[in-house]
Amino acid sequence: MAVTLEQAQRVGYTCLKALLRFAFMVANNLVAIPSYILYLIMLQPLRVLDSKSFWYIEGVLFKWLLAMVASWGWWAGYTVVEWGDDVKAVSEDEAMVLVNHQATGDVCTLMMCLQDKGTVVRQMMWLMDHIFKYTNFGIVSLIHGDFFIRQGRAHRDQQLVLLKEHLEKYYRSRNRKWIVLFPEGGFLRKRRETSQAFAKKNNLPFLKHVTLPRLGATQVILKTLVAPQENGTPAGRDAVIKESKSKGLQWVIDTTIAYPKGEPIDIQTWILGYRQPTVTHVHYRIFPVKDVPAEPEALTHWLYQRFIEKEDLLTHFYETGAFPPPQGQTKAISREMTLSNLWLVGIQSLAFLSGGMWYCILQYFYHCLF
């Protein structure tokens, strides 16, 4: 089949755009991440004198970095429409966010759609696969206090102990509010076959659009962060409520990400922008933590039910292009999430100006010393 001139021009334009976007992303990382690190090094005396103010500033810088990642997708035409409960109403409370996991773009989508949720982004903690520690953003997440978890049965028990210690050490000392995790423990395409085999063996529902979640991390988070009596049983020694003002974990936000035709966006697409503009749909359902059972067997059943509901939500979405209305209502209401281009340009400009400033400062000290 012969390639027409129009098709060749279109391919050439796509390749050129992808190359320019990749160059911009590299430059963005080269100025923004070192600037983040150098600002925090400069502020170390403040960390000793006023830790709360230090972590406030770090959170603002962290939010700006995530906004830069969001801008790569936003300017490529990758937008988000939100459904279900309005999570802005609980943005100042402590919450655990449970998300289905299809591809690396899920993280980028969350970085985008949480930007307009008050202080959430600067006060959130992520649980992510340990492989992300070795990416360009790994050093930022490490400083921010995110937790890198190793998958696999051989590491499971040790990782849960380390998670508990991590939460006790960093969660409230750095004034974190939301904690985000992917309970499936991996991408849908990698875990689906194993999950379906497990479901068949244990007489559980057959799921196609999600996999059965793992209990471990969810249980540790609830045991460690929920205040006593909040979910019907005393938290005892496992609950760490060090700050007198903290009410403990108050909400569980069940978050379902859906891509048109079930075709997820990966990080390469987010960066290079070679896919046509795409609207990703995100559905939220908020549960008071007091309604979440504490006992392992009951919690496992509750968590399974959330992912069975996700399966139903996604089935409906792939059939109709929309999420179903809440129970008892006849119409589902969606909200288009927006970002300010002026704000994004301002943050990007600040990043490049900061990079230039630090380069000049380091050059000056280099010449003074050598």
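For clarity, every value in this text was computed on a predicted model and none was experimentally measured.

**Student:** Is there a simple way to think about the UniProt feature "domain: Phospholipid/glycerol acyltransferase" (unreviewed entry) in the protein in this case?
**Tutor:** Listed under "domain: Phospholipid/glycerol acyltransferase" (unreviewed entry) in the UniProt record, and renumbered for this structure, are residues 95–219. As annotated, residues 95–219 comprises 42% helix and 14% strand, and the C-alpha atoms at either end are separated by 14 Å.

**Student:** Any chance you could explain the nonpolar core here in plain terms?
**Tutor:** Soluble globular proteins: nonpolar side chains tend toward being buried together. Counting 59 residues, the largest nonpolar core has Leu 110, Leu 114, Trp 126, Trp 178 and Ile 253 as its most contacted members. If one sorts the elements of this core by residue count, helix α3 (residues 51–74) sits on top with 12 residues. Listed in part, the 27 residues of the second largest apolar core include Ile 149, Tyr 171, Ala 217 and Val 289.

**Student:** Please explain the packing of aromatic side chains as it appears in this structure.
**Tutor:** Pairs of aromatic rings are described using the distance from one ring centre to the other and the angle between the two planes. Tallying each qualifying case throughout the model produces 10 aromatic pairs. Judged by centre distance (5.4 Å) and plane angle (80°), the ring pair of Phe 287 and Trp 302 falls under edge-to-face. Of this pair, Phe 287 sits in strand β7 (residues 278–288) while Trp 302 sits in helix α10 (residues 296–320); the two residues are 15 residues apart in sequence, bridging distant segments of the chain. Residue Trp 302 is classed as buried on the basis of its relative accessible area, which comes to 11%. Here the aromatic residues Trp 83, Phe 317, Tyr 318 and Phe 323 are joined through ring pairs into a cluster of three or more.

**Student:** Explanation requested: the side chain of Thr 104 in the structure shown.
**Tutor:** Here Thr 104 shows up in the loop between β2 (95–99) and α4 (105–113). At 2.8 Å, the side chain of Thr 104 forms a polar contact with the backbone nitrogen of Ile 267. Contacts of Thr 104, omitting those with residues within four sequence positions, involve Phe 132, Phe 187, Ile 265, Asp 266, Ile 267 and Gln 268.

**Student:** Help me understand the packing of helix α6 (residues 153–171) against helix α8 (residues 216–225), please; the structure alone is not making it clear to me.
**Tutor:** The angle between the axes and the distance between the axes are what describe a pair of packed helices. For the pair α6 and α8, the least separation of the axes is 10 Å and the interaxial angle reads 35°. For the pair α6 and α8, the sense of crossing is right-handed. For the pair formed by α6 and α8, the contact residues are Leu 160, Leu 163, Lys 164, Leu 167, Glu 168 and Tyr 171 on the first element and Gly 216, Ala 217, Val 220, Ile 221, Thr 224 and Leu 225 on the second. Here the residues of the contact of α6 with α8 are counted per class, giving eight nonpolar, two polar and two charged.

**Student:** Quick question: what am I supposed to make of the UniProt feature "transmembrane region" (unreviewed entry) in the protein here?
**Tutor:** As recorded in UniProt, the feature "transmembrane region" (unreviewed entry) lies at residues 20–42, 54–75 and 342–366. The span residues 54–75 is 95% helix and 0% strand, and its two end C-alpha atoms sit 32 Å from each other.

**Student:** How do you make sense of the state of the cysteines when you look at a structure like this?
**Tutor:** Here, disulfide denotes a covalent bond that connects the sulfur atoms of two cysteines. Scanning the entire structure with this criterion turns up zero disulfides. Lacking any disulfide linkage, Cys 113 is separated from the closest cysteine sulfur, that of Cys 108, by 11 Å.

What counts and what doesn't
Residues numbered from 1 in each chain as written. Predicted model: local features only at pLDDT ≥ 70, side-chain atom pairs only at ≥ 80, totals over all residues. Heavy atoms only, no water. UniProt positions renumbered as here; feature names shortened; annotations may be inferred. Helix = DSSP H or I, 4+ residues; strand = E, 2+ residues; numbered from the N terminus. Core = buried A, V, L, I, M, F, W, Y, C linked by side-chain atoms within 4.5 Å. Buried < 20%, exposed > 50% of the residue type's maximum accessible area, 1.4 Å probe, protein only. Phe/Tyr/Trp six-rings, centres within 6.5 Å; stacked < 30°, edge-to-face > 60°. Polar contact = N/O pair within 3.5 Å; in protein donor to acceptor, adjacent residues only side chain to side chain. Contact = heavy atoms within 4.5 Å. Axes fitted to C-alpha atoms, helices over the stretch in contact; angles between N-to-C directions. Left-handed = near helix turned anticlockwise from the far one by under 90°. Nonpolar A, V, L, I, M, F, W, Y, C, P; charged D, E, K, R; others polar. Disulfide = S-S within 2.5 Å.

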